[in-house]
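So you can see what is in the structure, the chains are spelled out below.
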Amino acid sequence: LRQASSRLQKEKEAAQQMAERLKALTITIPALVGKDGKMYGSVTPLQIANSLKEQGIELDRRKITLKDEITSVGSYAALLNLHKEVKAEVKIEVVEKAAE
């Protein structure tokens, strides 16, 4: 029983350390944008998870909650559920993708 509580405490501490790292992080997501400034589609939790993976952070897309639907260029925030007691917010910057 003591081992289980020790393991849970370590998981929580690891989640808290990750939360601190995420607070300082801003994810930039390039998106295709029409003439009116609106995106084609929207930014999804999967895109955010992939961007985090590029930063060396593995997180299941189901643990990412968007406060608002992201459908235009700008600054946003996403809530990440790292542990049942630890949540973090990450900044997302959506930028216009250069035409190829």
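Definitions and cut-offs
- Residues numbered from 1 in each chain as written.
- Predicted model: local features only at pLDDT ≥ 70, side-chain atom pairs only at ≥ 80, totals over all residues.
- Heavy atoms only, no water.
- Helix = DSSP H or I, 4+ residues; strand = E, 2+ residues; numbered from the N terminus.
- Rg over C-alpha atoms; globule rule 2.2 N^0.38 Å.
- Buried < 20%, exposed > 50% of the residue type's maximum accessible area, 1.4 Å probe, protein only.
- Contact = heavy atoms within 4.5 Å.
- Areas by Shrake-Rupley, 256 points an atom, 1.4 Å probe, with all protein chains shown as cover.
- Lys, Arg positive; Asp, Glu negative; His and termini not counted.
- Charge placed at Lys NZ, Arg CZ, Asp CG, Glu CD.
- Pairing = 2+ DSSP bridges.
- Axes fitted to C-alpha atoms, helices over the stretch in contact; angles between N-to-C directions.
- Core = buried A, V, L, I, M, F, W, Y, C linked by side-chain atoms within 4.5 Å.

Draft legend 1. Region of the structure containing the overall build of the chain. On a plain count of helices and strands, the chain comes out with two helices and six strands. Start at the N end of the chain and walk to the C end: the helices and strands fall as α-β-β-α-β-β-β-β. Here the C-alpha atoms of the chain give a radius of gyration of 16 Å, more than 25% beyond the 13 Å that 2.2 N^0.38 yields for 100 residues. Principal axes of the C-alpha set define a box for the chain whose edges measure 60 × 20 × 20 Å. Across the 100 residues that make up the chain, the buried fraction comes to 30%. Sequence-distant contacts, at least 24 apart, represent 52% of the contacts inside the chain between residues at least 6 apart. With an accessible surface of roughly 7000 Å², the chain has 49% of that area assigned to carbon and sulfur atoms. Side-chain charges of the chain comprise 17 positive and 14 negative groups, with the mean position of each set lying 8 Å from the other.

Draft legend 2. Expanded view of the sheet that holds strand 6 (residues 86-96). Within the open sheet, the four strands sit side by side as 1-6-5-3. Their pairing is mixed. Taken across any chain shown, the strands that pair with only one partner, and hence form the sheet edges, are strand 1 (26-31) and strand 3 (64-66). Between one strand axis and the next, the sheet turns by 35 degrees as a mean value, whatever way the strands run. Where strand 1 and strand 6 come together, six bridges link them in parallel fashion. In the strand pairing of strand 6, Thr26 is matched with Lys91.

Draft legend 3. Structural detail: the environment of Val90. Examined against the element boundaries, Val90 turns out to sit in strand 6. Since its relative accessible area comes to 0%, Val90 is described here as buried. As a C-alpha pair, Val90 and Asn50 span 40 residues in sequence and 14 Å in three-dimensional space. When near neighbours in sequence (up to four residues on either side) are disregarded, Val90 contacts Leu22, Leu25, Ile27, Tyr76, Ala77, Ala78 and Leu80.

Draft legend 4. The nonpolar core, seen in detail. Judged by nonpolar contacts, the single largest core of 25 residues is most densely connected at Leu22, Ile48, Leu52, Ile64, Leu80 and Leu82. Every element with two or more residues in this core is listed here: helix 1 (2-23), strand 1, strand 2 (38-43), helix 2 (45-54), strand 5 (74-83) and strand 6. Here the element with the most residues in this core is strand 6; it accounts for five residues. In contact with Leu22, not counting residues within four places along its chain, are Leu52, Ile57, Leu80, Leu82, Ala88, Glu89 and Val90.

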